[in-house]
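Observations on the three-dimensional arrangement
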Protein chains: 4
Amino acid sequence: MPDQHSNSDPERENPHHSSHRGNFKQRLWEIIFEAETPAGRVFDIALLWFIGASVIVVMLESIPEFSKKYHDFLIFAEWTFTIAFTLEYLLRIWLVRRPWKYIFSFYGVVDLLSCVPGYVYLISGANSHFAVIRTLRLLRMFRVLKMVGHVRGADVILRGLAASRAKITVFFTAVLIFAILAGTVMYVVESGKEGSQFTSIPISIYYAIVSITTVGYGDVVACSALGKLITALMVLTGYAIIAVPTGIVAGDMVREAMYKDETTDACPGCGVHGHLRDAIYCRKCGEHLDA
Amino acid sequence: MPDQHSNSDPERENPHHSSHRGNFKQRLWEIIFEAETPAGRVFDIALLWFIGASVIVVMLESIPEFSKKYHDFLIFAEWTFTIAFTLEYLLRIWLVRRPWKYIFSFYGVVDLLSCVPGYVYLISGANSHFAVIRTLRLLRMFRVLKMVGHVRGADVILRGLAASRAKITVFFTAVLIFAILAGTVMYVVESGKEGSQFTSIPISIYYAIVSITTVGYGDVVACSALGKLITALMVLTGYAIIAVPTGIVAGDMVREAMYKDETTDACPGCGVHGHLRDAIYCRKCGEHLDA
Amino acid sequence: MPDQHSNSDPERENPHHSSHRGNFKQRLWEIIFEAETPAGRVFDIALLWFIGASVIVVMLESIPEFSKKYHDFLIFAEWTFTIAFTLEYLLRIWLVRRPWKYIFSFYGVVDLLSCVPGYVYLISGANSHFAVIRTLRLLRMFRVLKMVGHVRGADVILRGLAASRAKITVFFTAVLIFAILAGTVMYVVESGKEGSQFTSIPISIYYAIVSITTVGYGDVVACSALGKLITALMVLTGYAIIAVPTGIVAGDMVREAMYKDETTDACPGCGVHGHLRDAIYCRKCGEHLDA
Amino acid sequence: MPDQHSNSDPERENPHHSSHRGNFKQRLWEIIFEAETPAGRVFDIALLWFIGASVIVVMLESIPEFSKKYHDFLIFAEWTFTIAFTLEYLLRIWLVRRPWKYIFSFYGVVDLLSCVPGYVYLISGANSHFAVIRTLRLLRMFRVLKMVGHVRGADVILRGLAASRAKITVFFTAVLIFAILAGTVMYVVESGKEGSQFTSIPISIYYAIVSITTVGYGDVVACSALGKLITALMVLTGYAIIAVPTGIVAGDMVREAMYKDETTDACPGCGVHGHLRDAIYCRKCGEHLDA
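The rules we used
- Residues numbered from 1 in each chain as written.
- Chains lettered and ligands numbered in written order.
- Predicted model: local features only at pLDDT ≥ 70, side-chain atom pairs only at ≥ 80, totals over all residues.
- Heavy atoms only, no water.
- UniProt positions renumbered as here; feature names shortened; annotations may be inferred.
- Helix = DSSP H or I, 4+ residues; strand = E, 2+ residues; numbered from the N terminus.
- Buried < 20%, exposed > 50% of the residue type's maximum accessible area, 1.4 Å probe, protein only.
- Contact = heavy atoms within 4.5 Å.
- Areas by Shrake-Rupley, 256 points an atom, 1.4 Å probe, with all protein chains shown as cover.
- Polar contact = N/O pair within 3.5 Å; in protein donor to acceptor, adjacent residues only side chain to side chain.
- Patch = residues over 30% accessible without salt bridge, like charges linked within 9 Å, V, L, I, M, F, W, Y side chains within 5 Å.
- Salt bridge = Lys/Arg side-chain N within 4 Å of Asp/Glu carboxyl O.
- pLDDT = per-residue confidence, 0-100.
- Axes fitted to C-alpha atoms, helices over the stretch in contact; angles between N-to-C directions.
- Parallel < 35°, antiparallel > 145°, perpendicular 65-115°, else oblique.
- Left-handed = near helix turned anticlockwise from the far one by under 90°.
- Nonpolar A, V, L, I, M, F, W, Y, C, P; charged D, E, K, R; others polar.
- Expected span 1.5 Å × (residues − 1).
- Phe/Tyr/Trp six-rings, centres within 6.5 Å; stacked < 30°, edge-to-face > 60°.
- Disulfide = S-S within 2.5 Å.

The name an unreviewed UniProt entry gives chain A is Ion transporter, with Oceaniferula marina as the organism. In its Subcellular location (unreviewed entry) section, UniProt records this for chain A: "Membrane".

Section: the overall build of chain A
When helices and strands are counted, chain A shows twelve helices and zero strands. In chain A, the succession of α and β elements from N to C terminus is α-α-α-α-α-α-α-α-α-α-α-α. Looking at chain A as a whole, 49% of its 291 residues qualify as buried. A separation threshold of at least 6 residues defines the contact pool for chain A, and within that pool the share at least 24 residues apart is 52%. For chain A, the exposed area adds up to about 14300 Å²; of that, 66% sits on carbon and sulfur atoms.

A look at the side chain of D:Thr231
Within the secondary structure layout, D:Thr231 lies in helix α12 (residues 225-258). Separated by 2.7 Å, the side chain of D:Thr231 and the backbone oxygen of D:Gly227 make a polar contact. The contacts of D:Thr231, once residues within four sequence positions are left out, are C:Tyr206, C:Tyr217, D:Met186, D:Tyr207 and D:Ala222.

Some words on the UniProt feature "transmembrane region" (unreviewed entry) in chain A
On the UniProt side, "transmembrane region" (unreviewed entry) is annotated at positions that read residues 42-61, 73-96, 102-123, 168-189, 201-218 and 230-250 of chain A here. For residues 168-189 of chain A, helix accounts for 100% and strand for 0%, while the C-alpha atoms at its two ends are 31 Å apart.

Quick word on the side chain of C:Ser211
Along the chain, C:Ser211 turns up in helix α11 (residues 201-212). The exposure class of C:Ser211 is buried, given its relative accessible area of 0%. Engagement of the side chain of C:Ser211 in a polar contact is seen with the backbone oxygen of C:Tyr207, the distance being 2.8 Å. Beyond its immediate stretch of four places on either side in the chain, C:Ser211 contacts B:Val215, B:Tyr217, C:Met234 and C:Val235.

Quick look at a nonpolar patch on the surface
A contiguous nonpolar patch, built from A:Tyr70, A:Phe73 and A:Phe76 and spanning about 340 Å² of accessible area, is present on the exposed surface. When its relative accessible area of 45% is taken as the criterion, A:Phe73 is described as partly exposed.

Notes on the environment of A:Ser105
Residue and element names in this part refer to chain A. Tracing the backbone through its elements, the reader meets Ser105 in the loop between α6 (99-103) and α7 (106-123). Each C-alpha atom, one on Ser105 and one on Ile93, is 12 Å from the other, the two residues being twelve residues apart in sequence. Within the local environment of Ser105, its side chain forms a polar contact with the backbone oxygen of Tyr102, the two atoms lying 2.7 Å apart.

Describing the confidence of the model for chain A
Residue and element names in this part refer to chain A. When pLDDT is averaged along chain A, the result is 76, and 68% of the positions lie at 70 or above. No element of chain A has a lower mean pLDDT than helix α1 (residues 8-13), which averages 41, and none a higher one than helix α11 (residues 201-212), which averages 93. Confidence drops under pLDDT 50 across residues 1-18; counting only partners more than four residues distant or on other chains, this segment forms 24 contacts. Both confidence scores are given for the complex: pTM 0.80, ipTM 0.77.

Regarding the packing of helix α10 (residues 165-190) of chain A against α11(A)
Residue and element names in this part refer to chain A. Across the interface, α10 lies against α11 with an axial gap of 7 Å and an inter-helix angle of 120°. By the angle between their axes, α10 is oblique relative to α11. Relative to α11, the crossing made by α10 is right-handed. Counted together, Val175, Leu176, Phe178, Ala179, Ile180, Ala182, Gly183, Thr184, Met186 and Tyr187 of α10 and Ile201, Ser204, Ile205, Tyr207, Ala208, Ile209 and Ile212 of α11 form the full contact between these two elements. Along the lines of polarity and charge, the residues of the contact of α10 with α11 split into 14 nonpolar, three polar and no charged.

As for the pattern of salt bridges
Residue and element names in this part refer to chain B. In the structure shown here, the tally under the stated rule is four salt bridges over all chains. One salt bridge in this structure joins Glu88 and Arg92, with 2.7 Å as the shortest N-O distance. Remark: Arg92 and Glu88 occur in helix α5 (residues 71-95); sequence separation between them is four residues, near one turn of the helix. Classification of Arg92 by relative accessible area gives buried; the value is 4%.

Regarding α7(A)
Taking 1.5 Å per residue, 18 residues should reach 26 Å; α7(A) reaches 27 Å between its end C-alpha atoms and fits that length. The complete set of buried residues in α7(A) reads A:Tyr107, A:Gly108, A:Val110, A:Asp111, A:Ser114, A:Cys115, A:Pro117, A:Gly118, A:Tyr121 and A:Leu122.

Thoughts on the packing of aromatic side chains
With the rule as written, the count across this model stands at 36 aromatic pairs over all chains. The interplanar angle of 20° and the centroid separation of 6.0 Å between the aromatic rings of A:Trp100 and A:Phe104 together place this pair among those described as stacked. When the ring of B:Phe50 is compared with that of B:Phe85, the centres are 6.5 Å apart and the planes differ by 85°; the resulting orientation is edge-to-face. One end of the pair, B:Phe50, is in helix α3 (residues 38-61); the other, B:Phe85, is in helix α5, with 35 residues separating them in the sequence. By relative accessible area, which is 33% here, B:Phe50 ends up partly exposed.

Points about unusual backbone geometry
With a phi angle near 60°, A:Thr214 is a residue other than glycine that sits in the positive phi range. Structurally, the position occupied by A:Thr214 is in the loop between α11 and α12 (225-259).

Quick word on the environment of A:Val96
All names here are of chain A. Position of Val96 relative to the elements: it lies in the loop between α5 (71-95) and α6. The class of Val96 is buried, set by a relative accessible area of 9%. Taking the C-alpha atoms as reference, Val96 lies 8.2 Å from Trp29; in sequence the two are 67 residues apart.

A few points about the environment of D:Ile201
Tracing the backbone through its elements, the reader meets D:Ile201 in helix α11 (residues 201-212). Excluding its chain neighbours within four sequence positions, the residues that come into contact with D:Ile201 are C:Val58, C:Met59, C:Ser62, C:Leu138, C:Met141, D:Thr184 and D:Tyr187.

Details of the state of the cysteines
Taken as a whole and judged by the stated rule, the model has zero disulfides over all chains. Residue C:Cys223 stays outside any disulfide, its sulfur separated by 18 Å from that of B:Cys223, the closest cysteine.

Here is the structure:
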């Protein structure tokens, strides 16, 4: 997950802006980038509501009946959000010390894509249904990612997921290889039958993945007795495989809890740290830790 | 989960009711609010059976064939339960020291809603099918919540859920944001096709949530090859996300278990720690631990 | 799960059978009840194969095409198994010291039900399709439970399930109460619509349980937008509830592992046990443990 | 999972090949079997891409439209992969010290099956649709197993699964026995009804397994009220059973984590244990641990 606007640099260097025009810029900077001042907090919360509201408007607009009935309201909301996000985007570029870095950052691109398709849509006539424009406009849904930073504890889950990235990759590959083999076997068994839904290996692999993860839509289903038997075995084996990531996460959580038993203090003699809470002497040089 | 009738205050202050009329009130109070006396236990168990029976009657009444066939019995049961719960409600108001606090408490409202719609229904003619009355009557199903307090160990789960409320909120938000993005992508990929079930973004998000949580009804299903590919990736990614809450709960349970049996105190003689809760002498040097 | 034939008593008292006829009985007893002697092991394995084969025959017989085609073979197999299990049943009654206790034990009833319906079926003509007889004959499937005792490690899972019985009850009740409330809400929201599948509260509760446990058959499905929204919330909330039993089991497994850190030796001074592995002095009386 | 080509022997004995012709063989051996030299690494990565590409080609070929449209390209790809894998197979036989051991090893058979069906298919005319040939050709999908060895961390999962093999067997048997009983009960309840999908016990057991593992395709579904009630109970009970393997894996992971960082040795001075693996001095009394 990319970091928030990579504004750590401007933050530290900001006090150096001290021209008379810089005072106004400084004030704006505090409002937009900082969350400690009252004005900054108000701006943050207002932005969150704007993002939430704009995402809901895009959702509602996709419902045909709603789109027809409240056409004028949606055009109005569209203009409001587009102008607001454009203003925010331009202000961020103006205020940030290294604009290009922001523009090409993940959130910079998300911010840009939040405004541009709105203008294209509004100018080209709101009724035009060019697939490309519609698709680009939906990219505004990615603004929802900006809300992640504001959820307390989200960093714990993100860090947790990042820490077990390697394990998740292994798990992905394991499930994929198992699904490829199981899907092929299902294709061999089921494909010949009349009215069979296993028309190709990729669809059989889709069936295998949907079965192993216990989703089971039921859009593709085994018809023959042998196919049902293999499905039953596959589902049970898949369950054993899929119990592993849950176990890994649980194990990591406990291990993390156990390391809270170690102090962060270093030994005054040799500088080694990671001592257990009840340690009196350094485990490396034998020196008294309180000395 | 709200606490049981918030009757902790009356319970402590009760001995002060000692007028001659108060003796009868006192007796009733013991029956209705206390579970230690034989009469109180009988009342509690009778109430549980009444709640269970009334909930089952409401359920059966909703089955059209049953409702027609046993119409008279259901009217009779309706009267019995309504009168019984009204009596209980009035007694509770009379006995509790601070009636208004009870009336506006969660269970007070549930108790009131257990009686009133019954009268409206019975008086307005049991055949009237005004949607509002039917809906209000079904609120009596909330009486089932009163049974929670009588399940041994329920408080453990409730406390566990309350303790990890923050984590559950984060998890909810994470799944929602992931579902919004995945749903939007599915909408872009699938919506154009003929006969597609992805008619709007909200339905696509519903599909994403149903897929990520591995429910997979199959009422909305990807038709295109690309949609199936994205679904497979989404389901696998979702599984990794969803392993987290299980891991968190497991980790919390283990952490709790680890710190429950051993004290954190060290032996005054040799400094060894990790003594069992009931230890009197140090297991290493034999010294008295309280010295 | 009931214990294996409650044959602990006869086993201990067996050496006392020492008449000359008792020698033959003793020999048979060893074959049927003991697994240490070669003959006993052969009998055990043969019985397992017989049970497995008889269960498979019952399964195959239920397939209409198979039943017609291999009618004669099935009648033959039926006679073989019925006679074999009758013989085993009679021998067990004859050999066991307290026959009535065996007859009314769980496995005694299972053994009886393994033979009787076979005779009724075979004598009344194998083509008679009286529902009662068919149902009774299927009770023979319960013989499969006899295989549990022969799976190594099965006792660990059974003991684990027994230990967390209280927690599982709580979990059951919690899910049920949640499902009753969620089902009622779904019924209120969905039942009015034309073509709705939520025709009664019990079906709505069935829908809620199938959704909360992430099974999601898709036979009952929300049609309205509000119903889909409530379903999404219910599924997510249900997932949080359902993460709890997994966490509890994991926690119990770890706790069990931790108690392996305690010795089973008692203190020579005061008889207290449950000392940690590294304990030198008793934690209760301070006496040296090796004394 | 079988080990990679069982080439540990040749690797150790290889330096002894030192004839002038052996120099070339030695060079080839390094390229094909070793991953440390640059040429070896290039070969490994090229092989991985070849396997991946050939698996994708087999998948695409199974899609009827694709197969017709890109017929010539697929024939060309088929020839390329078949020749490449034949070359690799022959080289491996020539280079390995004990060719027969390789030929009859798991990967040897997979390698052989990767080439032979290709020739049969290409020579007999690519349009022939003999079921046997098609099935044999799909065996090439097993080449995907060769990718397992190249996934970092895969060995952890494989070892984890191997370690809990006994537990997984127990779990399999437990679910099977429960599914057999639940399926039989469902068959008794549902089979009589008109239009019922429970046409035989095996299909009912399939329904039970699909329900217990929370897959729930919805192709077989309970129609009667009693069937729905039993399904709800079965799903809940099944969930309790199925929480066990996840708990076991989690418990094993934690246990492993707990015993990894601390030694079981006690300090020779004061007897304290639970020292970190890198400890040289006791954390309690400062004495040297090796004394």
